[in-house]
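Spelled out, the chains give:
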Protein chains: 2
Amino acid sequence: MAEQAFVTLATNDSYARGALVLGKSLRNYKTSKKLVVLIGPHVSDQSRAVLHKIYDEVRLVDVLDSGDTAHLAMMKRPDLGVTFTKLHCWTLTHYSKCVFMDADTLVVSNIDELFDREELSAAPDPGWPDCFNSGVFVFRPSIETYGKLLQYCTEHGSFDGGDQGVLNGFFSDWATADITKHLPFIYNMSSIAIYTYLPAFKQYGANAKVVHFLGQMKPWSYTYNPTQRSVRGDVQASSHPSFLLQWWALFSGEVVPMLLREYGDQPFYSGCEEDVSESEQVQPLMSSAERKQRWEQGQADYMGIDSFDSIQKKLDAFLK
Amino acid sequence: MAEQAFVTLATNDSYARGALVLGKSLRNYKTSKKLVVLIGPHVSDQSRAVLHKIYDEVRLVDVLDSGDTAHLAMMKRPDLGVTFTKLHCWTLTHYSKCVFMDADTLVVSNIDELFDREELSAAPDPGWPDCFNSGVFVFRPSIETYGKLLQYCTEHGSFDGGDQGVLNGFFSDWATADITKHLPFIYNMSSIAIYTYLPAFKQYGANAKVVHFLGQMKPWSYTYNPTQRSVRGDVQASSHPSFLLQWWALFSGEVVPMLLREYGDQPFYSGCEEDVSESEQVQPLMSSAERKQRWEQGQADYMGIDSFDSIQKKLDAFLK
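Residues numbered from 1 in each chain as written. Chains lettered and ligands numbered in written order. Predicted model: local features only at pLDDT ≥ 70, side-chain atom pairs only at ≥ 80, totals over all residues. Heavy atoms only, no water.

Looking at an unreviewed UniProt entry, chain A carries the name glycogenin glucosyltransferase, with the source organism given as Culter alburnus. Under Pathway (unreviewed entry), UniProt gives the following word-for-word description of chain A: "Glycan biosynthesis; glycogen biosynthesis." Quoted verbatim from the Sequence similarities (unreviewed entry) heading of the UniProt record, the comment on chain A is "Belongs to the glycosyltransferase 8 family. Glycogenin subfamily." (UniProt positions renumbered as here; feature names shortened; annotations may be inferred.)

Colleague: Run through the overall build of chain A, naming residues and quoting values.
Modeller: When its secondary structure is counted, chain A shows 12 helices and 11 strands. Taking all contacts inside chain A whose residues are at least 6 apart in sequence as the whole, residues at least 24 apart take part in 71%. (Helix = DSSP H or I, 4+ residues; strand = E, 2+ residues; numbered from the N terminus. Contact = heavy atoms within 4.5 Å.)

Colleague: Provide a residue-level description of the relation of the copies chain A and chain B, including the pertinent values.
Modeller: The transform that puts chain A on chain B rotates by 180 degrees and translates by 0.0 Å along the axis, for an RMSD of 0.0 Å. What the rotation and shift describe, once combined, is the action of a two-fold rotation axis. Most of the interface of chain A is mirrored in chain B: 100% of its interface residues are interface residues there too. (Least-squares fit on C-alpha atoms with pLDDT ≥ 70 in both.)

Colleague: Residue-level account of the interface of chain A and chain B, with values.
Modeller: Reports often express the size of an interface as the amount of accessible area lost when the parts come together. Taken residue by residue, the interface counts 32 residues in chain A and 32 residues in chain B. Both sides of the chain A and chain B interface together cover about 2,700 Å² of buried area, and 71% of this is carbon and sulfur. Counting every contact that joins chain A to chain B gives 0 salt bridges. The interface formed by chain A and chain B includes 6 residue pairs in polar contact (both at pLDDT 80 or more). Of all the secondary-structure elements, those providing two or more residues to the side of chain A that touches chain B are helix H7 (192–196) and helix H8 (198–204) of chain A. (Buried area = accessible area lost by both parts, 1.4 Å probe. Salt bridge = Lys/Arg side-chain N within 4 Å of Asp/Glu carboxyl O. Polar contact = N/O pair within 3.5 Å; in protein donor to acceptor, adjacent residues only side chain to side chain.)

Colleague: Hey, could you go over the sheet that holds strand S4 (residues 95–101) of chain A for me, with residue numbers and the actual values?
Modeller: All names here are of chain A. Strand order in the open sheet made by the 6 strands is S3-S2-S1-S4-S7-S6, with mixed pairing throughout. Every interior strand has two partners, whereas the edge strands, strand S3 (57–60) and strand S6 (121–124), have only one. For this sheet the average axis-to-axis angle between neighbouring strands, irrespective of direction, equals 25 degrees. Sheet topology places strand S2 (residues 34–39) next to S3; 4 bridges connect them, and they run parallel. Counterpart to Val 37 in the pairing with S3 is Val 58. Those strands touched by helix H2 (residues 45–54) are S2 and S3, and its axis lies near 160 degrees from that of S2. (Pairing = 2+ DSSP bridges. Axes fitted to C-alpha atoms, helices over the stretch in contact; angles between N-to-C directions.)

Colleague: So what about the nonpolar core? Which residues, and what values?
Modeller: In terms of nonpolar packing, the biggest core is built from 65 residues, with Trp 128 of chain A together with Leu 51, Tyr 55, Met 101, Ile 111 and Trp 248 of chain B touching the most fellow members. Of the residues forming this core, the biggest block, 12 residues, is contributed by helix H9 (residues 241–263) of chain B. Those residues in contact with Leu 51 of chain B, other than ones at most four positions away along the chain, are Ala 16, Ala 19, Leu 20, Val 37, Ile 39, Val 43 and Val 58 of chain B. Core analysis: the second largest hydrophobic core is formed by 64 residues, Ala 16, Tyr 55, Met 189 and Tyr 263 of chain A among them. (Core = buried A, V, L, I, M, F, W, Y, C linked by side-chain atoms within 4.5 Å. Buried < 20%, exposed > 50% of the residue type's maximum accessible area, 1.4 Å probe, protein only.)

Colleague: How would you summarise the packing of helix H2 (residues 45–54) of chain B against H9 of chain B if you had to cite specific residues and measurements?
Modeller: All names here are of chain B. Remark: H2 packs on H9, axes separated minimally by 9 Å, with the N-to-C direction vectors making an angle of 135 degrees. Between H2 and H9, the crossing angle belongs to the class labelled oblique. Viewed along their axes, H2 and H9 form a crossing whose handedness is right-handed. Contacts between H2 and H9 involve Gln 46, Ser 47, Ala 49, Val 50, Lys 53 and Ile 54 on the former and, on the latter, Met 258, Leu 259, Glu 262 and Tyr 263. (Parallel < 35°, antiparallel > 145°, perpendicular 65-115°, else oblique. Left-handed = near helix turned anticlockwise from the far one by under 90°.)

Colleague: Can you break down the packing of helix H5 (residues 143–156) of chain B against helix H6 (residues 163–170) of chain B residue by residue, with the values?
Modeller: All names here are of chain B. Contact geometry for H5 and H6: axes closest at 10 Å, N-to-C directions at 110 degrees. In terms of axis orientation, H5 runs roughly perpendicular to H6. Side by side, H5 and H6 meet where Thr 145, Lys 148, Leu 149, Tyr 152 and Cys 153 of the first sit next to Val 166, Leu 167, Gly 169 and Phe 170 of the second. Here the contact of H5 with H6 is built from residues that sort into 6 nonpolar, 2 polar and 1 charged. (Nonpolar A, V, L, I, M, F, W, Y, C, P; charged D, E, K, R; others polar.)

Colleague: Mind laying out the state of the cysteines, listing which residues take part and the relevant values?
Modeller: Defined simply, a disulfide is a covalent bond joining two cysteines at their sulfur atoms. Residues and elements named next belong to chain B. The tally for this structure, following the rule as stated, stands at 0 disulfides over all chains. The cysteine Cys 153 is free of any disulfide, with Cys 89 supplying the nearest cysteine sulfur at 13 Å. Given the relative accessible area of 0%, Cys 153 is considered buried. (Disulfide = S-S within 2.5 Å.)

Colleague: Please give an account of the packing of aromatic side chains that cites residues and values.
Modeller: Residues and elements named next belong to chain A. Inspection of every chain in the model, using the stated rule, returns 40 aromatic pairs over all chains. The interplanar angle of 15 degrees and the centroid separation of 5.3 Å between the aromatic rings of Phe 100 and Phe 137 together place this pair among those described as stacked. Separated by 37 residues along the polypeptide, Phe 100 in strand S4 and Phe 137 in strand S7 (residues 132–139) bring together distant segments of the chain. Among the residues examined, Phe 100 registers a relative accessible area of 1% and is labelled buried. Judged by its relative accessible area of 0%, Phe 137 falls in the buried class. Ring geometry for Trp 248 and Phe 251: centres 5.4 Å apart, planes at 80 degrees, overall edge-to-face. On the criterion of helical spacing, the pair formed by Trp 248 and Phe 251 is a turn pair, its members being 3 residues apart in helix H9 (residues 241–263). (Phe/Tyr/Trp six-rings, centres within 6.5 Å; stacked < 30°, edge-to-face > 60°.)

Colleague: So, the pairing of S4 of chain A: which residues are in play, and what are the values?
Modeller: Residue and element names in this part refer to chain A. Of all 7 residues in S4, 7 are buried, a share of seventy percent or more. Sheet analysis places strand S1 (residues 3–10) next to S4, joined by 5 bridges and oriented parallel. For Gln 4, the partnering residue across the bridge sits in S4 and is Lys 97. As defined by bridge partners, S4 adjoins S7 across 4 bridges and the pair is classed as antiparallel. Looking at the pairing, Phe 100 lines up with Phe 137 of S7.

Colleague: Can you lay out empty space enclosed by the protein for me, pointing to particular residues and giving the numbers?
Modeller: Any empty space left between atoms is shown by rolling a water-sized probe over those atoms. One pass over the full model with this rule turns up 4 cavities of 30 Å³ or more. In this model, the largest cavity occupies a volume close to 90 Å³. Pro 124, Pro 129, His 182, Leu 183 and Pro 184 of chain A together with Pro 124, Pro 129, Asp 130, Trp 174, Ala 175, Thr 176 and His 182 of chain B together form the lining of the largest cavity. Residue classes in the lining of the largest cavity are distributed as 8 nonpolar, 3 polar and 1 charged. (1 Å grid on protein atoms, 1.4 Å probe; cavity = no way out; pocket = protein on both sides within 12 Å on 5 of 7 lines; lining within 4 Å. Points joined across faces, edges and corners; volume = space filled by probe spheres on them.)

So this is what it looks like as structure tokens:
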């Protein structure tokens, strides 16, 4: 029987950071499965080198080079390029079964039991729970399925402009056909659950196995102070601080040293605070209006007045 | 075989308005089932009289009077009074099967097919989709189940302080056991779906069969201009305007006249604009800050500057 693998996708160096942390988290919880990362052409050589250390297979994907079917499809619907990239995972036919995980997910438990499930198993999306969230799903690589997916994609497009719309359109009986294809929400626990139904998060959130950092702000969008073990930035309710801290502890402790070795003398911004304090001068005080303007421009004072700590305290207070 | 019934609950006159509209909407879509409303002691005589015209059965519930088991349970957990009131629907044993619907739901299609489902069937809650939303559910009245529910309730309480927490705790295999007990989301479409996953709402929302006005602002919290057929107030994304308009068209057109007949010479505030303009003088112009303050105090200028129309236009623009 062919092997089984976890598969993720990194289209640039930011998502590569996510993939590195995800891979490390899978390794730390002693997965017995292979790890595969699909990368886009924009991922740097340094990131690729470290991905090679953590992943068993690093595969460059570029839909325009992926064969006639995809090429043809792309010509008709160039808007769906990113979507096609993710569908590429179905071409990994040297594996009998795979679990796809977005690069903005983090494993906080061994989840090898997911391979007991069949295609297409996924957890509900909180936004419209008759749709599954395509951040974590079980699938069977198959060129036939890949071809059908591309065909569906070019004929019907995606109702949300992304892979989730295509996959929900294609696997349209997910909501009604087979309960075993409904992964428990703790296998794809998105942060939205925290602020839309806090009591349920308090009741069930401690059992989380996979955390999904949905939304615009990703873990790598923040900065981190390894000494204080604290994250700074406009955290709000977008992710639970303790999971964000887990992500950063793994990234700063295990991934950054590997990246630093690859970058050597070349400039490299890790997002850890030591770098920042070396390169930046002490900020002058600013007015409330100026601060608001900077915040809205994405220039929050992560290390000073816009500290993560007070936001974390506020969120944690909810959970006690 | 005993009959089947839709069941709702009105603990005060505001929710009685919801129950009246819900009952009317079920009748308008020609349900073949009986209609039952459980009412609390605070519902006025006038509301009761109109409920009697629309519902087949109006049953006063007061958990303290509902027998030894409930009484005993209430003594231990007085905090769960409202929760007990809803569980009371299991005592309607003269019906073989029932569908419970919250008074803040509106039927926009015949839904008698729900009676093909078994206990406990319900739609996922968007906040934590492994929980069902207890605003719409299929159940089998049974004194035995009622007793077990009360026992569960007193022993375990409710993780969210309401009936949804109790029912999800009691019917805890809903997420994993039987896909036929997952009602499609269109049978309990809460407004949260509109702003958390707009593309899915655009794709599937037109098939809605039951709209659930979740959140603090209920349809009866707004005012309505029957001439312009427009709702005024701080609508935001809390409910889709077209469904809110449907609610008000039904309430002002079919329910208010019945209520007015019962109130006769006594004062009665329908929420329709004619009443307001008779009793209120023309508002003086106010500053932006003053307007903001009034808005935040819940005193929006529903008929003037804070008109519903612009908000409606904005929301409708999303859906085109």
